[in-house]
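Survey of secondary and tertiary structure
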Amino acid sequence: MRHFPIFLSLAGRTALVLGAGEAADTKARALRDAGASVRRVTKFSPELLDGCAIAVGAGAEPDALAALSAAAQARAIPVNIVDHPALCSYFSAATIHREPITIAIGTAGTAPALARLVRARIEALLPANLGDLAAFAGRFSARIRTALPALSARRALLDRLFAGRIGELVLAGETAAAEAALTAALADAPASLPGIVHLVGAGPGAPDLITLRAQRLLGEADVIVHDRLGTDAVLDLARRDATRINVGKARANHCLKQHEINDLLIRLAREGRKVVRLKGGDPFVFGRGGEEAAALEAAGIAFEVVPGVTAALACAAQARIPLTHRDATRAVTLLTGHGADGPARLDFDALVRSRATLAIYMGLHALPHLRDGLLAAGLPPATPAALVERGGTAHQRLLSGDIASLAAQAPAWSSGGPALILIGDAVGHGLPPA
């Protein structure tokens, strides 16, 4: 985030607008709409900034605009010079008004036209009377806080207010019915709610590859317990005030041991928190989600599992490598190359006989072991193979060849990111010719 978004109160305060023309007129009108007393001038001198809370320049001489910018910033007065980003200490936003709701879209001064396009698209999604719902909630905020002192219980009720039947009644203009429904909800709502844990798959790290349910839960969670995801883009979808706890684990480097993570989830839920346990890929594919689910079940904690795009799917899709192909194989085997105490103990004979595409997680450091085992079991040495690092993200890298060449080249090639190994005849149908 390059700039801090803020809504500035200008009621009863003075705003200086330097310049003439349509842009200056538009800025002055917007400032007046926000309650400011606007001081319009066409020539600048520093004393004009006395008592001002904000300054804008548009349609004036370049020297005057530069002088306004320098003088305003010297006094720590926010200043915007239209079409001159380098002279600005703040940027205006394209805004959507549903009083008392205001939505602002900014592009750091780089593309105001794009901000207007985004505004138009959001406008089309929002009810014209959305502000009525905010005003309704505001009228009852003190009553709701008194009836439900626990934050988790209030949030649950407000979710029902904004997204459920009560909200629908308000937007339909049925205010009396909405008030009756809210009164009944307050009477029935428990003072506190039990916690719940959502085991959520974060996918490969690209925020547009998580499920809609995962996105919704991230926006509702009180606490995010997350892995070493390799990207902050998914975490950015969480509520800004949600507590974030990093329990990330890498090979031989664990922030918390698994039983400590289990205990943490149980404790947070017993405190009445709504917890998202955010795990890279899918929670139940080498994510130890099964162990966490079992611990929660044994402790009597409610939980939900939300699937994610696992690495085999993300890596193969972005690298355009088919996992199955009618001319090669009709099966895929997901396995891990890393066991609890070293390389995983694998039945190499069975793996080779299956002729399935092998998708090997956490296998980078076990590549020599995998090479020796597979070749000894009869894997043809020329079988296509690929090593995909940071799969499914903008930083994905691909090393292709066969199992022997991967084992030889990987140590120098790897940059240390999460990696997946793909081996099998189907892999060759997606790789470029050697």
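Counting across every chain of the model gives 20 salt bridges. A salt bridge links Arg216 to Glu220, with the nearest nitrogen and oxygen atoms 3.4 Å apart. Separated by four residues within a single helix, Arg216 and Glu220 lie in helix α9 (residues 212–220), roughly one turn from each other. Several salt bridges share partner residues, and in doing so they unite Arg155, Asp222, Arg239 and Asp241 into one network.

A separate point is the sheet that holds strand β18 (residues 384–389). Spatial strand order, β14-β17-β20-β18-β19: five strands in an open sheet with mixed pairing. Among the strands making up the open sheet, the edge pair consists of β14 (332–336) and β19 (397–402). Averaged over all pairs of adjacent strands, the angle between strand axes in this sheet comes to 20°, irrespective of strand direction. Strands β14, β17 (357–361), β18 and β20 (419–423) of the sheet are contacted by helix α12 (residues 311–319), whose axis makes an angle of about 75° with β20.

Glancing now at the packing of aromatic side chains. All told, the structure shown has two aromatic pairs when counted by the stated rule. Sitting over the ring of Trp413, Arg397 keeps its end group 4.2 Å from the ring centre.

All right, on to helix α15 (residues 403–413) then. Within α15, burial applies to Ile403, Ser405, Leu406, Ala407, Ala410 and Trp413. With a side-chain oxygen positioned 3.1 Å from the backbone nitrogen of Ala404, the residue opening α15 is Asp402.

Attention shifts here to the nonpolar core. One finds Leu367, Leu387, Ile421 and Ile423 to be the most contacted residues of the largest nonpolar core, which totals 24 residues. Listed by contribution, the elements that provide at least two residues to this core are α13 (348–354), β17, α14 (367–376), β18, α15 and β20. If one sorts the elements of this core by residue count, α15 sits on top with five residues. Every residue in contact with Leu367, bar those within four places of it in the chain, is listed here: Ile403, Leu406, Ala407, Ala410 and Ile421.

Considered as a void within the structure, the largest pocket measures approximately 2100 Å³ in volume. Tyr90, Phe91, Ser92, Ala93 and Thr95 are, among the 49 residues lining the largest pocket, the residues nearest its centre. If one sorts the elements of the lining of the largest pocket by residue count, helix α1 (residues 22–33) sits on top with seven residues. Broken down by class, the residue content of the lining of the largest pocket amounts to 28 nonpolar, 13 polar and eight charged.

Below, the discussion takes up the sheet that holds strand β13 (residues 302–306). Here we have five strands laid out as an open sheet, ordered β9-β8-β12-β7-β13, and parallel in their pairing. Strands with a single pairing partner mark the edges of an open sheet, and in this sheet they are β9 (243–246) and β13. The average angle at which neighbouring strand axes cross in this sheet is 20°, direction not considered. Examined bridge by bridge, strand β7 (residues 196–201) and strand β12 (residues 274–279) share six bridges and lie parallel to one another. Across the sheet, residue His198 finds its bridge partner in β12, namely Val276. Across the sheet, helix α11 (residues 289–298) is in contact with β7, β12 and β13; its angle to β7 comes to roughly 170°.

The rules behind the values
Residues numbered from 1 in each chain as written. Predicted model: local features only at pLDDT ≥ 70, side-chain atom pairs only at ≥ 80, totals over all residues. Heavy atoms only, no water. Salt bridge = Lys/Arg side-chain N within 4 Å of Asp/Glu carboxyl O. Helix = DSSP H or I, 4+ residues; strand = E, 2+ residues; numbered from the N terminus. Pairing = 2+ DSSP bridges. Axes fitted to C-alpha atoms, helices over the stretch in contact; angles between N-to-C directions. Contact = heavy atoms within 4.5 Å. Phe/Tyr/Trp six-rings, centres within 6.5 Å; stacked < 30°, edge-to-face > 60°. Lys NZ or Arg CZ within 6 Å of the ring centre and 35° of its normal. Buried < 20%, exposed > 50% of the residue type's maximum accessible area, 1.4 Å probe, protein only. Polar contact = N/O pair within 3.5 Å; in protein donor to acceptor, adjacent residues only side chain to side chain. Core = buried A, V, L, I, M, F, W, Y, C linked by side-chain atoms within 4.5 Å. 1 Å grid on protein atoms, 1.4 Å probe; cavity = no way out; pocket = protein on both sides within 12 Å on 5 of 7 lines; lining within 4 Å. Points joined across faces, edges and corners; volume = space filled by probe spheres on them. Nonpolar A, V, L, I, M, F, W, Y, C, P; charged D, E, K, R; others polar.

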